[in-house]
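Take a look at the letters that make up each chain.
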Amino acid sequence: MTLTIAVDHGSTTAPYEQLRAQISERARSGRLPVGYKLPTVRGLAEQLGLAANTVAKAYKALEADGVIETRGRHGTFVAAAGDAATRRAATAAAQFAEEARRLGLSREAAEAALNEALRAAYDS
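About the thresholds
- Residues numbered from 1 in each chain as written.
- Predicted model: local features only at pLDDT ≥ 70, side-chain atom pairs only at ≥ 80, totals over all residues.
- Heavy atoms only, no water.
- Helix = DSSP H or I, 4+ residues; strand = E, 2+ residues; numbered from the N terminus.
- Rg over C-alpha atoms; globule rule 2.2 N^0.38 Å.
- Buried < 20%, exposed > 50% of the residue type's maximum accessible area, 1.4 Å probe, protein only.
- Lys, Arg positive; Asp, Glu negative; His and termini not counted.
- Charge placed at Lys NZ, Arg CZ, Asp CG, Glu CD.
- Axes fitted to C-alpha atoms, helices over the stretch in contact; angles between N-to-C directions.
- Parallel < 35°, antiparallel > 145°, perpendicular 65-115°, else oblique.
- Left-handed = near helix turned anticlockwise from the far one by under 90°.
- Contact = heavy atoms within 4.5 Å.
- Nonpolar A, V, L, I, M, F, W, Y, C, P; charged D, E, K, R; others polar.

It is worth spelling out the overall build of the chain at this point. When helices and strands are counted, the chain shows five helices and three strands. Secondary structure of the chain in N-to-C order comes out as α-β-α-α-β-β-α-α. Relative to a compact globule of 124 residues, whose C-alpha radius of gyration would be 14 Å, the chain shows 18 Å and is clearly more extended. With respect to the three principal axes, the spread of C-alpha positions in the chain is 55 × 35 × 25 Å. Split into buried and exposed, the 124 residues of the chain put 27% on the buried side. Each charge class in the chain was averaged separately, 16 positive and 14 negative side chains, and the resulting centres sit 7 Å apart.

Okay, structure coming up:
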């Protein structure tokens, strides 16, 4: 399998964001399988005609999102995105619950606020 990325240098979207979005979409859709080894920062930069810092910035954002993981000198790999997404959602939920409690909301009021936010996000 070969990673094929197209960067539109005339686009108003920054090249690192184009790169981040394409890798993220492919990883989340399964077109890049978990464990797939990504090219080195320098190698991908040369392949795409980008600065190494641009690719490094995209990789850093992808790693922060839990889409990829760097394994020291072994390289950068597609992570188990579902697991990372579940962990991040659990962290966000815990932060919400703590904030709702700190604000003095009852459990019912907190659940209602959460359900309304979910409805707005998923039913739009």
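Moving on from the coordinates now.
With that settled, the discussion passes to the packing of helix 1 (residues 15–29) against helix 3 (residues 52–64). To describe two helices that pack against each other, one gives the angle between their axes and the distance between the axes. In contact at an axis separation of 8 Å, helix 1 and helix 3 are set at 45° when each is read in the N-to-C sense. Viewed along their axes, helix 1 and helix 3 adopt a mutual orientation that is oblique. Two packed elements cross with a definite hand, and for helix 1 against helix 3 that hand is right-handed. Facing helix 1, whose interface residues are Pro15, Tyr16, Leu19, Arg20, Ile23 and Ser24, helix 3 presents Thr54, Val55, Lys57, Ala58, Tyr59, Ala61 and Leu62. Here the contact of helix 1 with helix 3 is built from residues that sort into nine nonpolar, two polar and two charged.

Structurally, the position occupied by glutamine 22 is in helix 1. A relative accessible area of 18% means that glutamine 22 is categorised as buried. The contact partners of glutamine 22, leaving out residues within four places of it in the chain, are Ile5 and Ala6.

Shape descriptors only; they carry no functional weight alone.
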